[in-house]
Amino acid sequence: MAKIFCVANQKGGVGKTTTTVNLAAGLAKLNQRVLLVDLDPQGNATMGAGINKAGLASSTYEVLLGSADIATARQRSEAGRFDVLPANRELAGAEVEMVELENRERRLRDALALVAKDYDFVLIDCPPALSMLTLNGLCAAHGVIIPMQCEYYALEGLSDLVNTIKKVHANLNPDLKIIGLLRVMFDPRMTLSQQVSAQLEQHFGDKVFKTIIPRNVRLAEAPSYGMPGVTFDPASKGAQAYIAFGAEMVKRIKKM
Ligand code: ATP
Ligand code: MG
């Protein structure tokens, strides 16, 4: 049965999608069966996995509204060697349309239950908001991975996310845990990065992943080739870090 993780942070541009796509590819390299769920109407993870988001026959939108199941809507990322439930801007409509539906926070959870046996990992790329879409992700997951940049404002807003996770844990999904904070776009030459990083370790202890993802231009270039950085340039520092993070996650789930 798959372990299901949300990659979430309501801040924009902190590396959620880069983390989801490259962790998926890193886990695939470690022979894990992975499904990436694109839960963001921007469809960046879909594109980054090499799938054209224009004119999808079915997508996360149809799955949430119940007119398609994941087994039909999923596609294969040949570049990344994992499956993808793709999304595009249509998904923004689901936010409104789901309001009418029963069990609206549990739509994704129910849909994933039918394919969970096909995978070791399901990774959900959340949009930059604490919205109904993100709530669906949190209700479906066993754990949350929070990517963070080590900068002055990094901790700002973290308490909102942590409180939302606590509420979901208390009311909707008792399985939900914060698995860890992932330091991304790390620049070891910056004293501030070092300081914030040390602060995170002090405050959050073993909730901070050991792996640190460096700032690496190859990770930023890869999406324009429709490839995860991990496959685009496997020898790059960024790719190596995400493969190491994959190994760290494989170890973690053995303890869950
Ligand atoms: P959004 O909130 O819009 O969904 P996001 O949190 O998913 O954004 P990304 O799209 O993953 O963030 O990253 C934002 C930008 O930073 C992208 O241009 C991406 O290529 C770049 N980026 C992410 N991680 C790294 C890294 N480790 N090194 C260099 N560039 C990176
Ligand atoms: Mg994103």
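Note that the structure is predicted; figures quoted are calculated from it, not measured.

The rules behind each value
- Residues numbered from 1 in each chain as written.
- Chains lettered and ligands numbered in written order.
- Predicted model: local features only at pLDDT ≥ 70, side-chain atom pairs only at ≥ 80, totals over all residues.
- Heavy atoms only, no water.
- 1 Å grid on protein atoms, 1.4 Å probe; cavity = no way out; pocket = protein on both sides within 12 Å on 5 of 7 lines; lining within 4 Å.
- Points joined across faces, edges and corners; volume = space filled by probe spheres on them.
- Helix = DSSP H or I, 4+ residues; strand = E, 2+ residues; numbered from the N terminus.
- Nonpolar A, V, L, I, M, F, W, Y, C, P; charged D, E, K, R; others polar.
- Pairing = 2+ DSSP bridges.
- Axes fitted to C-alpha atoms, helices over the stretch in contact; angles between N-to-C directions.
- Contact = heavy atoms within 4.5 Å.
- UniProt positions renumbered as here; feature names shortened; annotations may be inferred.
- Buried < 20%, exposed > 50% of the residue type's maximum accessible area, 1.4 Å probe, protein only.
- Salt bridge = Lys/Arg side-chain N within 4 Å of Asp/Glu carboxyl O.

Visitor: Just checking my understanding: could you explain the layout of surface pockets for this structure?
Guide: Sizing a probe to match a water molecule and rolling it over the atoms shows the empty space that remains. Counted as a void, the largest pocket has a volume near 470 Å³. Lining the largest pocket are 29 residues, with Gly15, Thr17, Thr18, Met185 and Leu219 positioned closest to its centre. Secondary structure elements with two or more residues in the lining of the largest pocket: α1 (16–29), α2 (44–48), β7 (177–186), β8 (208–214) and α10 (217–221). By volume, the second largest pocket is sized at about 370 Å³. Lining the second largest pocket are 13 residues, with Ile179, Asp206, Glu248, Arg252 and Lys255 sitting closest to its centre. Only β7, β8 and α12 (237–254) provide two or more residues apiece to the lining of the second largest pocket. By residue class, the composition of the lining of the second largest pocket is four nonpolar, one polar and eight charged.

Visitor: How do you make sense of the sheet that holds β8 when you look at a structure like this?
Guide: Within a beta sheet, neighbouring strands are joined by backbone hydrogen bonds and run either parallel or antiparallel to one another. Taking strand neighbours across the sheet as the criterion, the eight strands line up as β3-β4-β2-β5-β1-β6-β7-β8 in an open arrangement whose pairing is mixed. One side of each edge strand has no neighbouring strand; the edge strands of this open sheet are β3 (75–77) and β8. For this sheet the average axis-to-axis angle between neighbouring strands, irrespective of direction, equals 25 degrees. Sheet topology note: the β7/β8 ladder contains three bridges and is parallel. Bridge assignment links Phe186 to a residue of β8, and that residue is Pro214. Relative to β8, α12 is tilted by about 165 degrees, and along the sheet it contacts β1 (3–7), β5 (121–125), β6 (143–149), β7 and β8.

Visitor: Help me out: how do you make sense of the UniProt feature "domain: AAA" (unreviewed entry) in the protein chain in this one?
Guide: As annotated by UniProt and renumbered to match this structure, "domain: AAA" (unreviewed entry) occupies residues 3–178. Secondary structure across residues 3–178 divides into 38% helix and 18% strand, with the first and last C-alpha atoms of the span separated by 13 Å.

Visitor: What is the right way to look at the environment of Lys29 in this model?
Guide: Secondary-structure assignment places Lys29 in helix α1. When its relative accessible area of 37% is taken as the criterion, Lys29 is described as partly exposed. Taking C-alpha positions, Lys29 is 20 Å from Lys210, a pair spaced 181 residues apart along the chain. When near neighbours in sequence (up to four residues on either side) are disregarded, Lys29 contacts Arg81, Val230, Pro234 and Ile243.

Visitor: Help me out: how do you make sense of the pattern of salt bridges in this one?
Guide: Oppositely charged side chains can pair when the atoms bearing their charge come close. The final tally for this structure, using the stated rule, is eight salt bridges. In this structure, Arg183 engages Glu201 in a salt bridge whose closest nitrogen and oxygen atoms are separated by 2.9 Å. Taken together, the positions of Arg183 in strand β7 and Glu201 in helix α9 (residues 191–204) put the pair 18 residues apart, joining distant regions of the chain. Take Arg183: its relative accessible area is 2%, and that puts it in the buried class. Classification of Glu201 as partly exposed rests on a relative accessible area of 41%. Between Arg189 and Asp187 there is a salt bridge; the shortest N-O distance is 3.2 Å. Arg189 sits in the exposed class, given a relative accessible area of 74%. Where salt bridges share partners, they join Arg74, Lys117 and Asp118 into one cluster.

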